[in-house]
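Commentary on secondary and tertiary structure
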Amino acid sequence: MAEQRHDEEFYRSDRPARPALEEDRPRGGKPKAPAKHRGPWAIVAIVALVVVLVVLGIALFP
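Residues numbered from 1 in each chain as written. Predicted model: local features only at pLDDT ≥ 70, side-chain atom pairs only at ≥ 80, totals over all residues. Heavy atoms only, no water.

**So, the overall build of the chain**
Counting its regular elements, the chain contains two helices and zero strands. Burial statistics for the chain: of 62 residues in total, 0% are counted as buried. Roughly 7100 Å² of accessible area belongs to the chain as shown, and the carbon and sulfur atoms make up 63% of that amount. (Helix = DSSP H or I, 4+ residues; strand = E, 2+ residues; numbered from the N terminus. Buried < 20%, exposed > 50% of the residue type's maximum accessible area, 1.4 Å probe, protein only. Areas by Shrake-Rupley, 256 points an atom, 1.4 Å probe, with all protein chains shown as cover.)

**Observations regarding a nonpolar patch on the surface**
Residues Ile43, Val47, Val51 and Val55 make up a contiguous nonpolar surface patch of about 340 Å² in total accessible area. Along the chain, Val51 turns up in helix H2 (residues 40–60). On the basis of relative accessible area, Val51 is assigned to the partly exposed category, the value being 46%. (Patch = residues over 30% accessible without salt bridge, like charges linked within 9 Å, V, L, I, M, F, W, Y side chains within 5 Å. Salt bridge = Lys/Arg side-chain N within 4 Å of Asp/Glu carboxyl O.)

Below is the structure:
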């Protein structure tokens, strides 16, 4: 007959040594660097790509 294990023993066997996780978004601390924005050429390229995809879609599937 198999050895019966209590619930506490069963669940304890899978837990890591340090079950408490560090905070994923710590409060306070030093200020972050300002966000870098895309330059105007990047926006123009994205808009041009969308326009080309729409034109190709219309041309290939009239």
